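Listed below, chain by chain, are the residues.
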Amino acid sequence: MKFDTPAKANPIDKGRVVGIPHDRIDGAAKVTGTAPYAYERHDAAPNAAYGWIVGSAIAKGRIAAMDLRAAEAAPGVLGIVTHANAGKLTKGNMNTAHLLGGPQIEHFEQAVALVVADTLENARAAAALVHIDYTPESGKFDLAAEAIRGVVPPDSFGTPADTSAGDFDGAFSRAAVKLEQRYTTPDHSHAMMEPHASIAAWNGDKLTLWTSNQMIAWTVGDVARTLGIPKANVRLISPYIGGGFGAKLFLRADALLAALGARQVGRPVKVALARPQIPNNTTHRPATIQRIRIGADRDGVIDAIAHEVWSGDLPGGSAETAAAQTRLLYRGANRMTAHRLTTLNLPEGNAMRAPGEAVGLLALEVAMDELAEMCGVDPVELRIRNDVQFDPEAGPQRPFSSRKLVECLRAGADRFGWNRRIPKPGQVRDGRWLVGMGMASAFRNNLAGKSGARIGIDAQGRVVVETDMTDIGTGSYTIIAQTAAEMLGVPLEQVTVRLGDSRFPVSAGSGGQWGANSSTAGVYAAAMALRAKLAEAAGYPVDAAGFEDGLIRNGNESRKLAALAGDTGLWAEDSMEYGDLDKRYAQATFGAHFCEVGVDTDTAEVRIRRMGGAFAAGRILNPKSARSQVIGAMTMGAGAALMEALDVDTRFGFFVNHDMAEYLVPVHADIPQQDVLFIDELDDKSSPMKAKGVGELGICGAGAAVANAIYNAAGLRVRDYPITIDKLLRAQMA
Amino acid sequence: MKSFTYERAASVEAAAKAAASVQGARFIAGGTNLIDLMKLQIETPTHLVDVNHLGLDRIERTTEGGLRIGALVRNTDLAADKTVRRDYAVLSRALVAGASGQLRNKATTGGNLLQRTRCPYFYDTRMPCNKRKPGTGCGAMEGMSRSLAILGVSDACIAQHPSDMAVAMRLLDAQVDTMDADGVARSIPIADFYLLPGDTPNRETVLKQGELITSVTLPKPVGGTHVYRKVRDRASYAFALVSVGAIFGEDGTARFAFGGIGARPWRTQAADAAAPHGARAVTDAVLADARTTPHNDFKKPLVERILASLYRQQEERA
Ligand SMILES: Cc1cc2nc3c(=O)[nH]c(=O)nc-3n(C[C@H](O)[C@H](O)[C@H](O)COP(=O)(O)OP(=O)(O)OC[C@H]3O[C@@H](n4cnc5c(N)ncnc54)[C@H](O)[C@@H]3O)c2cc1C
Ligand code: SF4
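Residues numbered from 1 in each chain as written. Chains lettered and ligands numbered in written order. Predicted model: local features only at pLDDT ≥ 70, side-chain atom pairs only at ≥ 80, totals over all residues. Heavy atoms only, no water.

**Looking at the site of ligand 2**
Note the following rule: Neighbouring residues are identified by heavy atoms, a residue being near a molecule or strand if any of them is within 4 Å of it. Residue polarity is assigned by list, with Asp, Glu, Lys and Arg as charged and Ala, Val, Leu, Ile, Met, Phe, Trp, Tyr, Cys and Pro as nonpolar; anything else, Gly included, falls into the polar class.
Neighbouring residues of ligand 2: 14 residues in total, closest Cys119, Cys129, Cys138, Cys157 and Ile158 of chain B. Here the residues of the shell around ligand 2 sort into 11 nonpolar, 2 polar and 1 charged.

**Section: the sheet that holds strand β10 (residues 197-203) of chain A**
Residues and elements named next belong to chain A. Rules: The pairing criterion is simple: DSSP has to find at least two bridges between the two strands. Strands are runs of DSSP state E lasting at least two residues, helices are runs of H or I lasting at least four, and both sets are numbered from the N terminus onward. Each axis is a line fitted through C-alpha atoms, and for a helix only the stretch in contact is used; angles between axes span 0 to 180 degrees, taken between their N-to-C directions. By the convention used here, residues are in contact when the closest approach between their heavy atoms is within 4.5 Å.
With mixed pairing, 7 strands are arranged side by side in an open sheet as β4-β6-β2-β13-β10-β11-β12. Two strands lie at the open edges of the sheet, namely β4 (77-82) and β12 (234-237), each paired on one side alone. Going across the sheet, the axis of each strand differs from the next one's by a mean of 20°, ignoring polarity. Pairing of strand β2 (residues 49-55) with strand β6 (residues 111-117), which is carried by 6 bridges, proceeds in the antiparallel orientation. Bridge pairing links Gly55 to Ala111 in β6. Against the sheet, helix α6 (residues 216-227) touches β10, β11 (206-211) and β12, its axis set at about 140° to β12.

**Things to note about the state of the cysteines**
Covalent bonding between the sulfur atoms of two cysteines is what defines a disulfide. Residue and element names in this part refer to chain A. For clarity, the threshold we go by: Here, a disulfide means two cysteine sulfur atoms that sit within 2.5 Å of each other. Partly exposed describes any residue whose relative accessible area lies between the buried limit of under 20% and the exposed limit of over 50%, with all areas from a 1.4 Å probe on protein chains only and scaled to the type maximum.
Tallying each qualifying case throughout the model produces 0 disulfides over all chains. In this model Cys700 remains outside any disulfide bridge; the closest cysteine sulfur is found in Cys408, 13 Å from its own. A residue is classified by how much of its surface remains accessible, and Cys700, at 0% relative accessible area, is buried.

**Regarding helix α1 (residues 12-21) of chain B**
Residues and elements named next belong to chain B. Keep this limit in mind: Think of the arc as the fan of directions from the helix axis to the C-beta atoms.
Residues Val12, Ala15, Ala16, Ala18 and Ala19 constitute the buried set of α1. Around the axis of α1, the buried residues are gathered within 165° of arc, so they sit on the same side. Packed against the buried residues of α1 are β1 (5-8), β2 (25-28), β3 (47-50), β6 (175-179) and β8 (212-218).

**Some remarks on the sheet that holds strand β20 (residues 463-466) of chain A**
Residues and elements named next belong to chain A. An order of β1-β25-β19-β20-β21 is seen for the 5 strands of this open sheet, with the pairing classed as mixed. Only two strands of the sheet have a single neighbouring strand rather than two, namely β1 (2-3) and β21 (495-498). As defined by bridge partners, β1 adjoins strand β25 (residues 570-578) across 2 bridges and the pair is classed as parallel. For Phe3, the partnering residue across the bridge sits in β25 and is Tyr578. Against the sheet, helix α13 (residues 515-538) engages β19 (451-457), β20 and β25, with an angle of about 135° to β25.

Written out as structure tokens, the structure is:
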């Protein structure tokens, strides 16, 4: 099915099941521990041996010699995989660095060996006996020092690194009010709950991987490519995923080395990354340096806006597209954005929840707060004045498919009690706390991708949906069941959803907040095909047929779906593809974040008191799971504002604080009441679901609202994230 | 983790003997620190002597009117003890400011005193660290040292002692009661219990091989207002950047002990003596010999600000 004209009224509009805040259908299994995660598939792969990864002790250089004798002789050791015996491995299309290093070392903690043993303890102990002599080379690890060597990176998802419209320089120099500021954001680690984990088993030349992966088809492709085997020989099974945030978009070392280990020792092998290995072995969100310039009139109306971003990555890597939102969020005839990428020999930078916007808005939305103060305009009002209903780079011929930023700003401000904010910083005291409010716009691009599904109904009227879509804790199972139930007019309880298996039709997968809309649209397409088959079986014209209460109706006639399915059942498969509506219309999700913080007058400790937001993201398929996504993302935004940072040791070239005791993310005590309001919106240009993504929108701008609240509370502006006590104290003493 | 042998000791004496007679033996209590370090091969004991079943889990009054806390009393139980909450409130407050509920359920009084530093270079066996591997150098001094100590540090090591509980123990003039392999008991004032790093940061306490902590004894209550203020990077479940335990007397006197800034739980006579002169005076006294890095120099103003805040609170109370 192709979606190339705006959606008309369709079965989803009934809203009988879709749009209901239904509990997760997989929730009970998860909270009772009966949903098996990859590392626990003892049932499917009995007798698995244990692999332990040895990571490089240097960031750049070569392995001069590897002495495996002691490790090989250690108790229980079955085999050791290294570059010397792994056979030819081709780097995956989605990988920047090789997943198995050696002799060349590309980054610290790059896997250089897998020790396979009969128990986890034996594998880990033997791994410590692998002796490696390195010849280190000097590397580049300091973004601030290397930024000037940045070059124009390749296009990202089809968008160029640099854009411009009008005459920024001229307009900026003429502007009555000029803001120019520099902001920095550090490297972030995904820190999802479940570490990367896989079990691999070979049957002849066929490989099965039980793994934890967001993108089944991408990863099947890269497993096949890396090992040099046909895709048809790779089966990936990833039905339950304990969080990913982008860390599990790609084939990673756990899966590849499990496959290599299993091949070497001739039995299934399981591999999980230990928590302290994750930050340096896997991908992370790259640090950025951002420069923002805004020229406005005295009322804050923007005429010129520029956002430049510097980030680093390994050779062949990609830039953090932190200026992305600045292309679309605010008006201004004269504008430019630019990204520069410099070479760093740190671990691989890549996508983490809302790549681009998550850190871009940490800068842009603080800049807007600063502009509001310069112009003496309320920050909410400033954003309303600068709203634009079309792509401001392309002009009015490219309108937004739907854009309710202003509605979000107004409704969010009302609910939060924004009118009680005192614009002048440092005015509100509560005991030893200075209290302030801040806000920020939320913006995240909307992407939709081709997604397929298979749907069947049996003689009991049970509906089964199969797609290789993944549920990374987001609620995919539930919204897919809701979609199928809506389309076929059956109760939700009658739908079984099977996900995350490469034998199922290829879906869009989970990433870039495209999963919910795309995957349910794929189910919509398959369900339409099944409706046609059912109508044909009933002898009804499909366009006139109605589906409800387990029946297909035509006027006064009706037939039971179960009866039509017959003993063999009826199946249909289709996918949803997209035309050029995303070119003709800018498609994005919007929102407004509000935050109240207290700043301790003595110690500069920051405590968030309230967070609230209003969001417009098309049809909300399930308000309960959508709210969970948004509050989780707001929490992550609070983390980015206040504590999250991988500390780079520029001498050794690694992230020093590589465990969860030292890489801090918010705990319950950091996060108070969070209020989420969804603004009614149907986007008929996004898909037949009229939905958009919502999984990443909540992080976008959340941290800036915290930063702006700190400024309003205490008059302290820290532009280098995270805003920690040491920086606030230094700002105060400056 | 290296493989090791394990035994469950039958008595205090037997535990001490067993630990002294096997090269590389260690006691295991709650295991919340030791096992983590073993997994990372930072600690590689050959033999573990489990001291969980020796009846060292009681809290009793001493004849001197103080309190004897068994070495195996869990942090949760100690924090919740009625006498502790009434007479030694700073201890209870320090305990609940540490770690998480789950960890405190396992962590013990003796183990808490002996928990090792949180220096990130200590935690990565590929990095130089004089404490972990004497003579390899200090990774932190020129590296990321934001959380590390500014007092009692040496050219070899600037690691902080991470315990909250030990700060309160230091403030309360606790004694560490031990028994050695020969069955000899001794009581070590906590002021003398921890060694400064000097040239041998790998040596952290005066305990001898096999010497078992049996209890920690508190002298009779000193009264006053007990406070524990811990400043950290998030609201809970993080080690202190700076913490201050204080007991304010009725008469303008006070005593202070500090966490997060010292190579050991920090307390000085000079700081206590300066108490009547206010926060600035106490700060000057305690930080006179402070040695900072560009990453952790903020701890100095933070000490003063916490003290100022505590003084203000105390005035408001009065
Ligand atoms: C994530 C995390 C966060 C934490 N946060 C904090 C915090 O904020 N503040 C804080 O204070 N602590 C914190 N801790 C540390 C925690 O308090 C300690 O791990 C705990 O107190 C250690 O006690 P244990 O009984 O588990 O010791 P174990 O791990 O069993 O032992 C520790 C050491 O003491 C020795 N030992 C134990 N008992 C005896 C004895 N009776 N005699 C002689 N030697 C003995 C052992 O041989 C070992 O060397 C944290 C720990 C973790 C893992
Ligand atoms: S400060 Fe001490 S513990 Fe940290 S690296 Fe240096 S020697 Fe090791």
